[in-house]
Amino acid sequence: MSQVISLHRREEELIKEIAELSEQNFYACYQCGKCTSACPLTFAMDEPPHQILRFLQLGQAKRLIESRSPWACIGCLSCATYCPKGVDLARIMEALRTVHLRRLDAPFCYTQDDGERLSTLPQSALVAALRKVTW
Amino acid sequence: MSEEKKTFGYYPGCELRNRVKGLDLSARRACRALGIRLKELKDWTCCGGLVPQVKDNYMGFLAPARILVEAHAQGFDELMTLCTFCFNTLRRAAFFLQGHAEARKRLELFLGVEGLPRVKVIHLLEVLRDHVGLDRLRESVQRPLKGLRVAPYYGCLLLRPAQEIKLDNPEAPTLIEVILEALGCEVTDFSSKTDCCGSYHIVTNGQVAGQCSDLILRSAVKSKADMLVAMCPLCQFNLDWRQKQTRTAPLPVVYFPQLLALALGEPVDTLGVAEPAATALSALGSPT
């Protein structure tokens, strides 16, 4: 599906913030798509991993901060393992979540749950899931 | 045979004290059988579960840094872990803190210590490979697990990021395979062995975690495995949970130290193995 992007309106401030937080060079990416094919969670994303890098190259960051993709990322590092250019996309995803948490309101995909189900879940899952939305 | 009497610090972590006692129990029994001396870290606290991956989040390293400081204060230079979450968090934190002076400075102030110590965080698999060695392991087997077809599942956090963890090849690891073969198992060719189980998506969206687990289970069944061996308490939970949810013919999931202890001659009913794996393993008979 084609999308119209205005290249004259680069969101420089946001782009700079994401680059600094993640310490990654988006422009190293040449869109081979290995990250997307390696990612186990693309089915839960609205923007696939390689497109996130493309949007950042084009200066389009706001849409990514509002996207559900960073919340679907679990940090399994498949993308970073297979990237031929050494881009650690998991760090970019965390930077996007961090900017979201610092600028916007509640996280995208977390809903209230009944305590009974939560009490059956492993502690490691609860700790990790909570940390993701609190830092 | 070198009789080096080194004592490793041991950090069990929260899950091993509650839901997955069998993982702790079987690892302790296996280590005792192999002459590996473990001493549990006193008054241990939460590892933190994850390490931060943005530049300015130093406080996220506080939980693992506190454990490293404690381990050093209690006289340990190597700290052994079993849970993949704990292993990944502590090992990555130790790696990060060595290379980041600013982070070290801030955490030292916060923890009230002078100089963060260098403590090596290791996994049971490394103790077996580097301290016991495959030859001695092979000689120690009392009950070879002959005829047992096992799918070796690594998951994601045990191996990645490879440049920090440095345990094995992150794309085509063989460490669990060679150890299982030393125990007499037949290891199946299992293409999803480094795939993610869906991890903590189980908290917020079980269906997402379930879809990830499905791929792994299908791949293991396709490899004609009798059971799947897991390292991580959360992987085991997700894979079991998904099988109950979809009501498929269950593929038993066991923890690696349970197979290890069993091969070393420990009775299966002392290892905290859950059904249906317990029945399958009971059929293997007594030590020779």
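Nothing here was measured: the structure is a model prediction, and the numbers come from that model.

Q: Would you mind showing me how to read the sheet that holds strand β7 (residues 227-230) of chain B here?
A: Paired through backbone hydrogen bonds, the strands of a sheet run either parallel or antiparallel to each other. Residue and element names in this part refer to chain B. Overall, parallel pairing links the four strands, which are arranged β6-β5-β7-β8 in an open sheet. Either end of the sheet is taken by a strand with one partner, and the two such strands are β6 (186-187) and β8 (253-255). Pairing of strand β5 (residues 149-152) with β6, which is carried by two bridges, proceeds in the parallel orientation. Bridge assignment links Arg149 to a residue of β6, and that residue is Glu186. Helix-sheet contacts for helix α8 (residues 175-182) involve β5, β6 and β7, and the interaxial angle to β5 is about 160 degrees.

Q: Sorry if this is basic, but what is going on with the domain arrangement of chain B here?
A: It is common to report an interface's size as the accessible area lost on association of the parts. Residues and elements named next belong to chain B. Domain boundaries in chain B define domain 1 (7-124) and domain 2 (142-282). Listed per partner, the contact involves 24 residues of domain 1 and 22 residues of domain 2. Broken down by secondary-structure element, the contributors of at least two residues to the side of domain 1 that touches domain 2 are α1 (21-34) and α3 (84-99). The residue inventory of the side of domain 1 that touches domain 2, partitioned by class, reads 13 nonpolar, five polar and six charged.

Q: Teacher, can you tell me more about the nonpolar core here?
A: Among soluble globular proteins, nonpolar side chains are generally buried collectively. All names here are of chain B. Ranked by size, the top nonpolar core spans 140 residues in total, and within it Leu228, Val229 and Ala230 carry the most contacts. Composition of this core by domain shows at least three residues from each of domain 1 (7-124) and domain 2 (142-282). Excluding residues that lie within four positions of it along the chain, Val229 makes contacts with Val150, Ala151, Pro152, Tyr153, Ile176, Leu180, Val254, Phe256 and Leu259.

Q: Help me out: how do you make sense of the pairing of strand β1 (residues 7-11) of chain B in this one?
A: Consecutive residues of a regular strand have side chains that alternate between opposite faces of the sheet. All names here are of chain B. With four of five residues buried, β1 lies mostly within the body of the structure. Summarising the sheet, β1 and strand β2 (residues 37-40) pair through four bridges and their orientation is parallel. Across the sheet, the residue bridging to Tyr10 is Glu40, located in β2. This β-α-β element, β1 to α1 to β2, shows right-handed connectivity.

Q: Just to check I follow, could you spell out the environment of Leu38 of chain B for this structure?
A: Residues and elements named next belong to chain B. Among the structural elements, Leu38 can be located in strand β2. Taking C-alpha positions, Leu38 is 8.3 Å from Met80, a pair spaced 42 residues apart along the chain. Aside from chain neighbours lying at most four places away, what touches Leu38 is Phe8, Tyr10, Arg28, Cys31 and Met80.

Q: Any chance you could explain the interface of chain A and chain B here in plain terms?
A: Across the contact, 33 residues belong to chain A and 36 residues belong to chain B. Contributions of two or more residues to the side of chain A that touches chain B are made by α1 (12-22), α6 (78-82), α7 (89-103) and α9 (123-132) of chain A. For the side of chain A that touches chain B, the leading source of residues is α9 of chain A, giving eight residues. Class assignment of the residues belonging to the side of chain A that touches chain B gives a composition of 20 nonpolar, eight polar and five charged.

About the cut-offs
Residues numbered from 1 in each chain as written. Chains lettered and ligands numbered in written order. Predicted model: local features only at pLDDT ≥ 70, side-chain atom pairs only at ≥ 80, totals over all residues. Pairing = 2+ DSSP bridges. Helix = DSSP H or I, 4+ residues; strand = E, 2+ residues; numbered from the N terminus. Contact = placed C-beta atoms within 7 Å. Axes fitted to C-alpha atoms, helices over the stretch in contact; angles between N-to-C directions. Domains from an automatic or database assignment. Nonpolar A, V, L, I, M, F, W, Y, C, P; charged D, E, K, R; others polar. Core = buried A, V, L, I, M, F, W, Y, C linked by C-beta atoms within 7 Å. Buried ≥ 20, exposed ≤ 12 C-beta atoms within 10 Å, placed from the backbone. Right-handed = clockwise from strand over helix to strand, strands pointing away.

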